[in-house]
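# Structural overview
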There are 2 protein chains.
Amino acid sequence: MSIRIGIYGYGNLGRGVESAIRQNPDMELKAVFTRRDPAALKIRTENVPVVSAADVDQWTDKIDVMILCGGSATDLPVQTPALAEKFTLINSFDTHAKIPEHFAAVDAAAKKGGKVAMISLGWDPGMFSLNRMIASVVLTEGKNYTFWGRGVSQGHSDAIRRIEGVIDARQYTVPVPEAVQKVRNGENPELGTRDMHTRECYVVAAEGADKAKIEQEIKTMPNYFADYDTTVHFISAEEMKEKHSGLPHGGFVIRSGVTGFEKEHKQVIEYSLKLDSNPEFTACVLVAYARAACRMAAEGQTGCKTVFDVAPAYLSAMDGAELRAHLL
Amino acid sequence: MSIRIGIYGYGNLGRGVESAIRQNPDMELKAVFTRRDPAALKIRTENVPVVSAADVDQWTDKIDVMILCGGSATDLPVQTPALAEKFTLINSFDTHAKIPEHFAAVDAAAKKGGKVAMISLGWDPGMFSLNRMIASVVLTEGKNYTFWGRGVSQGHSDAIRRIEGVIDARQYTVPVPEAVQKVRNGENPELGTRDMHTRECYVVAAEGADKAKIEQEIKTMPNYFADYDTTVHFISAEEMKEKHSGLPHGGFVIRSGVTGFEKEHKQVIEYSLKLDSNPEFTACVLVAYARAACRMAAEGQTGCKTVFDVAPAYLSAMDGAELRAHLL
């Protein structure tokens, strides 16, 4: 019997989950939930209902795992605890600093309802966290480095779009190649914010807008750009559409450590991602963990979980003997 | 209270475990077991007894986890099932084709004794398996590629040493850069044995030995070299000692897949290792999994486990809240 999935929120990530479900034959999309008018929302999968979020309670028996696809700023902190009492669910909550608080709220709700809830799935947090953590326990004396990019940061792109005179913007986060090379060499450098990443901005300005002023406003924006070497390129709307409509991303987590009685041996572990589509990759991680959540719930586990709590075998449709024979 | 570790077998790997224990403050080396004369074996750690393997049964109450450090060819297949009834234990059994058989034997013994036994820990099998497997469930439509090296293959070095007229030999396995590049680009090439790796041999020949004959014997050796492009360099014993006394290794596991409704997006996951010391890195993995084995045993779990069965949180000395705050 297939695992019945609900998608809660239908933006880039929700569409990515819809697509990922088609690549997992043991999964079935059961319904898409939206806060918009369901009649106005057209999804890609035929014969699957679009349901008003207001009616979600009628679906508790028809959904095995609800995949929450809202944003981390305002949607997930509210929706996740509210739904965790009623559904086995997973999300991609990615505000690192607020994870402990979010975990506590979701854990309480999930335990109250006797459900499993998994949070902060995706690639960072998610796959990067898993690799940071395992690399840290293997090489106990060492340093972790995380580089992001080259890829589109949606938060930074949005920040530029809020500037007066800006019609559209795309911001690429770019790792500094020299810094990456030093880390890969096992040199364990001390790296500040500016040493690790640069920020490349592509901006479509309104006709007659003051480009010098826009550039200045971007480069001095606190938190987002002031601490980085930032370049700004003004381009046409056509060029934006042609060259910058994708959502590529990626990055690397590198752990560089030492072993041996005299700590004489350098050892470097690197995990890297090169993604044509950031939301589709995040969606693929979510769908694999949906399988794990479903199984852990079936075993009677309850409460909030993260990637750290999931034995890898739960992620796969193969059984233990197949995994050992083919992938160990 | 620290985790009391026994080391069973004291070669390169055993010494690596001894060294790794010093980098893990919650671990304590309790004894080293050897089939040699204990009086003749000197270890690096003071005030730790070297015990005859014949007396191992007297230590069942004094060892929390036994780390088996013998070879996969003849030691581990016998020792692991024999000891799994009496000790929580782990090993680095790495004969991929025989893992299912080894698992069955160890599982039966561990269950009979009510113990936990973990097998095939290290980097391949081990960390590489974990990454192959997780990458495969995330990108369900794709291909796995495993490259080893540049690094010393001890099995291939030994094979050369058995040739008449050879005094010493070191064999490096080297990934073919063009093949790696194609895979990293997401081209999903079909690659045969010869396309992926070359073999570089450094040989010290006896005085008066027929070097042309040795080279010919190496290059045509079935299984080991015949299917590869192999180069042979004759060097002096001094040069061997100076330039080739280390045991570096490494490699990469790359999963290249596609996502999207039209499978229009390439996604590439890569896990790579660059190791100055192969046995010390393997030892570090063993020690982290010793912690997990100890905890899973304390929870009352029994039977044989692999990397696929261990929730990552079990590996770390940190508790769940610390892990979420610092590494998620």
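Preceding this paragraph is the structure being described.
A brief structural summary.

Procedures and definitions
Residues numbered from 1 in each chain as written. Chains lettered and ligands numbered in written order. Predicted model: local features only at pLDDT ≥ 70, side-chain atom pairs only at ≥ 80, totals over all residues. Heavy atoms only, no water. Helix = DSSP H or I, 4+ residues; strand = E, 2+ residues; numbered from the N terminus. Rg over C-alpha atoms; globule rule 2.2 N^0.38 Å. Buried < 20%, exposed > 50% of the residue type's maximum accessible area, 1.4 Å probe, protein only. Contact = heavy atoms within 4.5 Å. Areas by Shrake-Rupley, 256 points an atom, 1.4 Å probe, with all protein chains shown as cover. Lys, Arg positive; Asp, Glu negative; His and termini not counted. Charge placed at Lys NZ, Arg CZ, Asp CG, Glu CD. Pairing = 2+ DSSP bridges. Axes fitted to C-alpha atoms, helices over the stretch in contact; angles between N-to-C directions. 1 Å grid on protein atoms, 1.4 Å probe; cavity = no way out; pocket = protein on both sides within 12 Å on 5 of 7 lines; lining within 4 Å. Points joined across faces, edges and corners; volume = space filled by probe spheres on them. Nonpolar A, V, L, I, M, F, W, Y, C, P; charged D, E, K, R; others polar. Least-squares fit on C-alpha atoms with pLDDT ≥ 70 in both. Buried area = accessible area lost by both parts, 1.4 Å probe. Salt bridge = Lys/Arg side-chain N within 4 Å of Asp/Glu carboxyl O. Polar contact = N/O pair within 3.5 Å; in protein donor to acceptor, adjacent residues only side chain to side chain.

### What about the overall build of chain A?
- Across its full length, chain A holds 11 helices and 14 strands.
- On C-alpha atoms alone, chain A measures out to a radius of gyration of 22 Å, which is about the 20 Å that the 2.2 N^0.38 rule sets for 328 residues.
- Over its C-alpha atoms, taken along the principal directions, chain A stretches across nearly 65 × 55 × 35 Å.
- The burial tally for chain A puts 56% of its 328 residues in the buried class.
- In chain A, the share of contacts with a sequence separation of at least 24, taken over all contacts with a separation of at least 6, comes to 68%.
- Approximately 13,600 Å² of chain A is accessible, and the part contributed by carbon and sulfur atoms is 48%.
- Across chain A, the 37 positively charged side chains and the 42 negatively charged ones have centroids separated by 2 Å.

### Side note on the sheet that holds strand 2 (residues 27-34) of chain B
Residue and element names in this part refer to chain B.
- If you trace the 7 strands from one edge of the open sheet to the other, you get 3-2-1-4-5-6-14, paired in parallel fashion. On the outer flanks of this sheet lie strand 3 (50-52) and strand 14 (303-305), each paired with one strand and no other.
- Pairing analysis gives 4 bridges linking strand 1 (residues 3-8) to strand 4 (residues 65-68), with the strands arranged parallel. Bridged to Ile7 within strand 4 is Ile67.
- Contacting strand 6 (116-118) and strand 14, helix 3 (residues 99-113) runs over the sheet at an angle of about 135 degrees to strand 14.

### Section: the layout of surface pockets
- Its boundaries defined by the atoms lining it, the second largest pocket holds a volume of some 1,400 Å³.
- For the second largest pocket, the lining is made up of 40 residues, of which Asp94, Asp124, Gln154, Gly155 and Asn278 of chain A are closest to its centre.
- Elements supplying a minimum of two residues to the lining of the second largest pocket: helix 1 (12-22), strand 7 (142-148), helix 5 (154-161), helix 7 (193-196), strand 10 (197-205) and helix 10 (278-298) of chain A together with helix 11 (320-326) of chain B.
- With 4 residues, helix 5 of chain A is the single largest residue contributor to the lining of the second largest pocket.
- Taken together, the residues that form the lining of the second largest pocket break down as 15 nonpolar, 19 polar and 6 charged.

### Brief notes about the relation of the copies chain B and chain A
- Expressed as a screw operation, the relation of chain B to chain A combines 0.0 Å of axial shift with a rotation of 180 degrees, fitting to an RMSD of 0.0 Å. In the structure described here, the two chain copies are related by an operation that fits a two-fold rotation axis. For chain B, the residue whose C-alpha comes nearest the rotation axis is Ala311 of chain B, separated from it by 1.9 Å.

### Remarks on the interface of chain B and chain A
- Listed per partner, the contact involves 70 residues of chain B and 70 residues of chain A.
- Between chain B and chain A, a total of about 6,000 Å² is buried, with carbon and sulfur atoms accounting for 62% of that surface.
- In this assembly, chain B and chain A are joined by 2 salt bridges.
- A salt bridge links Arg44 of chain A to Glu262 of chain B; the shortest N-O distance between them is 3.1 Å.
- Counting across the interface, chain B meets chain A through 38 residue pairs in polar contact (both at pLDDT 80 or more).
- Top element by residues in the side of chain B that touches chain A is strand 13 (residues 265-275) of chain B. It accounts for 11 residues.
- Class assignment for the residues of the side of chain B that touches chain A results in 33 nonpolar, 19 polar and 18 charged.

### Things to note about the pattern of salt bridges
- With the rule as written, the count across this model stands at 40 salt bridges over all chains.
- Between Asp124 of chain B and Arg132 of chain B there is a salt bridge, with its nearest N and O atoms 2.8 Å apart. Of the two residues examined, Asp124 of chain B and Arg132 of chain B, each falls in the buried class.
- Members of the salt-bridge network, linked through shared partners, are Asp158, Arg161, Asp168 and Arg170 of chain A.

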